[in-house]
Protein chains: 2
Amino acid sequence: VNEFERIERFTRFFEAAPAPAGPGDDCAVLPPQRRQSCVTTDTVVDGVHFSTQTSSMADIGHKALAVNLSDLAAMGAVPDWALCSLQLPPLTSVRDIEAIAKGMAPLARAHGLKLIGGNVSRSPVLAISMTVSGIFKGSNAAVLRSGAQPGDVVYVSGALGAASCGLALLKNPRETFGLSRTLRARAVAAQRRPAPHVALGRQVAPFANAGIDVSDGLLADLGHIAKASKVAVHLERERIPVFAQAETPFRETLLELAMSGGEDYVLAFTVSASCNKVFAAALRRARFDVFEVGRVGQGSGVWVDGVKMKGSAGHVHF
Amino acid sequence: VNEFERIERFTRFFEAAPAPAGPGDDCAVLPPQRRQSCVTTDTVVDGVHFSTQTSSMADIGHKALAVNLSDLAAMGAVPDWALCSLQLPPLTSVRDIEAIAKGMAPLARAHGLKLIGGNVSRSPVLAISMTVSGIFKGSNAAVLRSGAQPGDVVYVSGALGAASCGLALLKNPRETFGLSRTLRARAVAAQRRPAPHVALGRQVAPFANAGIDVSDGLLADLGHIAKASKVAVHLERERIPVFAQAETPFRETLLELAMSGGEDYVLAFTVSASCNKVFAAALRRARFDVFEVGRVGQGSGVWVDGVKMKGSAGHVHF
């Protein structure tokens, strides 16, 4: 099976991209675009962002796209198109390629994302590099990291720590963190198959002054907002939604994972205090849960209960 | 040096991207685009598309971008923006990262290409995955693989076989192919630092019915045109511009490399016979050399002097 057949076996799982775009030429052709759009690229590598020992090929296909969709979610963009670059070890079977596609295609379909091109290359290490683009609908403008204002309320869009808890469980099958089998399975699923908050990001966008997706860890990612916006972010420890914290005596460990573990792919964002009531009502109407975790202030850095946190290099993967 | 510092050390070699685009947020933001545009992605991997044993980091940075620019050239597009995903082994130094940037940035600058984003990830193997976008200026439309018509004249835009000759020389330092030191150096340079035919592609676009860049090898790539256009491509062996063929007794070997070796990154394209005179005059005025190598006919496949060639899986890299 040569390169061109491999590409065909992969792309057949995706809906046909409308002309003039589409895989199979030197480039995909895009129609004129009357709105602002945005574009991002992210790569997942075997042994770093996943392990073929503990994730299926379908999990890997899902995750490769999910981490990119999360970047669109943070901007408040609506997914539009994707390019997929597969780096495949020589022994990768057609069945593996199809499994990657079967894990990726449903997520693409669910978000209305068109696969318009990509490439396949040999590599000693399995890796998937994707580029995705989104557009800004209605009156939405891009939510940047740099717009936070002193006085803003700080939110996160979901529980934190599950993905890095799942990573620890996968690395050490004897570990339990005192969690039930069900919660351990949920943590592992969060690590293997993150669910990007795309619809929520779009709802939040009209209200958010700044936003980011939590991929490196809450402290590290809020640190990016603090730095880009030239503000301080003050968190209240008690308000941080920690994955499964009520279900285990290992409260401190899970809090630590929530603060510094990565790959949760929830959103963190700031909203002007003056809009806060309207925002909360709009989100409730749309049935989205968000968690108020702190405030933006003057100054710099990320603070927890009044203590300034040291700089974090972010999440360490596998 | 953490991930964020590595990104900064890389991007500082590129011209600042104009707002609203630019590295440093979850996505780069693109302004509305009134014209059609196109987008492509390609990856180079250590041990497959280059070897750190025989290429410098600057060579590798150059090549990672060049192979993508060549896809824009084939479409007749003008380079616009790029995303760069670096997969770096743990021991990669900041000096290496800067050397990659120093090899890539001059090529970007020469083509007016803006680096608007990317990412850095750890990997056991050095690889660079890039996504580039181009726009169609003036009355140019995208040159596809599927537009060749029986009767068209087939052209290539430069000598063939140099890059794969260079690859063979790098793999076996005792090999000479009977070439002078100067010609051997030129072949090695073609392998390490391909020069994409972007300006030529733009000149050719108004006349070309179909086009492709020769990355997999002349026979394989003309095979793509034949298949996509549902035509036969007939080549005349004597007319194929073979790298350095006049300078060595190893004529057959170099012809073989010209036909089936890859990575020359010249363009192959077809022009209606009725436009051929106007085309040739326009190219001469623009001081571009192109080589007429055959004709498009009814049927299928690629033929050389009346003999149908077997399907080729394309170039085998390192």
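This structure is a prediction, so every number in the text was calculated from the model and none was measured.

Rules and cut-offs
- Residues numbered from 1 in each chain as written.
- Chains lettered and ligands numbered in written order.
- Predicted model: local features only at pLDDT ≥ 70, side-chain atom pairs only at ≥ 80, totals over all residues.
- Heavy atoms only, no water.
- Helix = DSSP H or I, 4+ residues; strand = E, 2+ residues; numbered from the N terminus.
- Rg over C-alpha atoms; globule rule 2.2 N^0.38 Å.
- Buried < 20%, exposed > 50% of the residue type's maximum accessible area, 1.4 Å probe, protein only.
- Contact = heavy atoms within 4.5 Å.
- pLDDT = per-residue confidence, 0-100.
- Axes fitted to C-alpha atoms, helices over the stretch in contact; angles between N-to-C directions.
- Parallel < 35°, antiparallel > 145°, perpendicular 65-115°, else oblique.
- Left-handed = near helix turned anticlockwise from the far one by under 90°.
- Phe/Tyr/Trp six-rings, centres within 6.5 Å; stacked < 30°, edge-to-face > 60°.
- Pairing = 2+ DSSP bridges.
- Buried area = accessible area lost by both parts, 1.4 Å probe.
- Salt bridge = Lys/Arg side-chain N within 4 Å of Asp/Glu carboxyl O.
- Polar contact = N/O pair within 3.5 Å; in protein donor to acceptor, adjacent residues only side chain to side chain.
- Least-squares fit on C-alpha atoms with pLDDT ≥ 70 in both.

K.L.:
Can you help me understand the overall build of chain A in this one?
P.N.:
On a plain count of helices and strands, chain A comes out with 9 helices and 12 strands. The C-alpha atoms of chain A give a radius of gyration of 20 Å, which matches the 20 Å a tight globule of 318 residues would have. Expressed as lengths along the three principal axes of its C-alpha atoms, the size of chain A is roughly 60 × 55 × 35 Å. Out of the 318 residues belonging to chain A, those deemed buried represent 58%. Considering only contacts within chain A whose residues lie at least 6 apart along the sequence, 87% involve residues at least 24 apart.

K.L.:
What am I meant to see in the confidence of the model for chain A here?
P.N.:
In low-pLDDT regions, the fine details of the predicted coordinates are not to be read closely. For chain A, the mean per-residue pLDDT works out to 93, and 97% of the residues sit at or above 70. Here the prediction assigns the complex a pTM of 0.95, and the interface score ipTM is 0.93.

K.L.:
Mind showing me how you'd approach helix α4 (residues 162–171) of chain A here?
P.N.:
Within an α-helix, residues lying three or four positions from one another point in the same direction, as the helix has 3.6 residues per turn. Residue and element names in this part refer to chain A. For α4, the buried fraction is high: 8 of the 10 residues fall into the buried class. Every buried residue of α4 is listed here: A162, A163, S164, C165, G166, L167, L169 and L170. For α4, the elements touching its buried residues are α5 (181–192) and α8 (251–260).

K.L.:
Help me out: how do you make sense of the packing of helix α2 (residues 57–75) of chain A against helix α3 (residues 94–110) of chain A in this one?
P.N.:
A packed helix pair is summarised by two numbers, namely the angle formed by the two axes and the spacing between the axes. All names here are of chain A. In contact at an axis separation of 6 Å, α2 and α3 are set at 40° when each is read in the N-to-C sense. When the axis of α2 is compared with that of α3, the two are oblique. As for how α2 packs across α3, the hand of that crossing is right-handed. Residues M57, A58, G61, H62, A64, L65, A66 and L69 of α2 form the contact with α3, whose own contacting residues are D96, A99, I100, G103, M104, L107 and A108.

K.L.:
Mind showing me how you'd approach the packing of aromatic side chains here?
P.N.:
Two numbers describe a pair of aromatic rings. These are the distance of the centres and the angle of the planes. Using the criterion set out here, one finds 10 aromatic pairs over all chains in the structure. With centroids separated by 5.6 Å and ring planes inclined at 15°, the aromatic side chains of Y155(B) and F269(B) adopt a geometry described as stacked. Of the two residues, Y155(B) sits in strand β6 (residues 153–156) while F269(B) sits in strand β9 (residues 267–271), which places them 114 residues apart along the sequence. Residue class for Y155(B) comes out buried when judged on its relative accessible area of 5%. Aromatic ring contacts, followed pair by pair, group Y155(A), F207(A), F269(A) and F279(A) into a single cluster.

K.L.:
Teacher, can you tell me more about the side chain of S37(A) here?
P.N.:
Position of S37(A) relative to the elements: it lies in strand β2 (residues 37–45). Residue S37(A) is classed as buried on the basis of its relative accessible area, which comes to 9%. The contacts of S37(A), once residues within four sequence positions are left out, are S133(A), G134(A), I135(A), F136(A), A28(B), V29(B) and L30(B).

K.L.:
Explain the sheet that holds β2(A) to me, please; I cannot follow it from the model alone.
P.N.:
What holds strands together in a sheet is hydrogen bonding between their backbones, with the strands either parallel or antiparallel. The 5 strands are arranged β4(A)-β3(A)-β5(A)-β2(A)-β1(B) in an open sheet whose pairing can be described as mixed. Two strands bound the open sheet, and with one partner strand each, they are β4 (114–122) of chain A together with β1 (28–30) of chain B. Sheet twist, expressed as the average angle between the axes of neighbouring strands with direction ignored, equals 20°. Sheet contacts for helix α1 (residues 3–11) of chain A: β3 (78–88) and β4 of chain A; angle to β4(A), the most-contacted strand, approximately 145°. Each of β3 and β5 (127–135) of chain A is contacted by α3(A), which is oriented at about 160° to β3(A), the strand it contacts most.

K.L.:
What am I meant to see in α8(A) here?
P.N.:
Looking at α8(A), one finds that the buried residues are L254(A), L255(A), L257(A), A258(A) and M259(A). Close packing links the buried residues of α8(A) with α4, α7 (218–229) and β11 (301–304) of chain A.

K.L.:
Would you explain the interface of chain B and chain A in this entry?
P.N.:
You'll often see interface size given as the accessible area lost when the parts meet. Residue-level contacts link 60 residues of chain B with 62 residues of chain A. Of the roughly 4,300 Å² buried at the junction of chain B and chain A (both faces included), carbon and sulfur atoms supply 56%. Here chain B and chain A share 4 salt bridges between them. Across the pair D25(A) and R145(B) runs a salt bridge whose closest N-O atoms are separated by 3.7 Å. Linking chain B with chain A are 19 residue pairs in polar contact (both at pLDDT 80 or more). Looking at the side of chain B that touches chain A, the elements with two or more residues in it are α1 (3–11), β1, β2 (37–45), α2 (57–75), β3 (78–88), β4 (114–122), β5 (127–135) and β7 (208–213) of chain B. Residue contributions to the side of chain B that touches chain A peak at 8 residues, all from β2(B). Bridging between strand β1 (residues 28–30) of chain A and β2(B) involves 3 bridges; their strand directions are antiparallel. Pairing of V29(A) across the sheet is with C38(B), part of β2(B).

K.L.:
Just to check I follow, could you spell out the relation of the copies chain B and chain A for this structure?
P.N.:
Each copy of the chain is related to the other by a rotation around an axis and a translation along that axis. Turning chain B through 180° and shifting it by 0.0 Å along the axis lays it on chain A, with an RMSD of 0.0 Å. In symmetry terms, the pair is related by a two-fold rotation axis. In terms of C-alpha distance to the rotation axis, chain B has Q33(B) as its closest residue, with the C-alpha 2.5 Å off the axis. Both copies present the same face, since 100% of the interface residues in chain B are matched by interface residues at the equivalent positions in chain A.

K.L.:
Would you mind going over the sheet that holds strand β12 (residues 307–308) of chain A with me for this structure?
P.N.:
Residue and element names in this part refer to chain A. Read across the open sheet, the 7 strands follow the order β7-β9-β6-β10-β8-β11-β12; overall the sheet is mixed. Pairing within the sheet leaves two strands with one partner each, and these edge strands are β7 (208–213) and β12. Pairing geometry for strand β8 (residues 232–235) and β11, over 4 bridges, is parallel. Each residue of the ladder has a partner; that of H234, found in β11, is W303.

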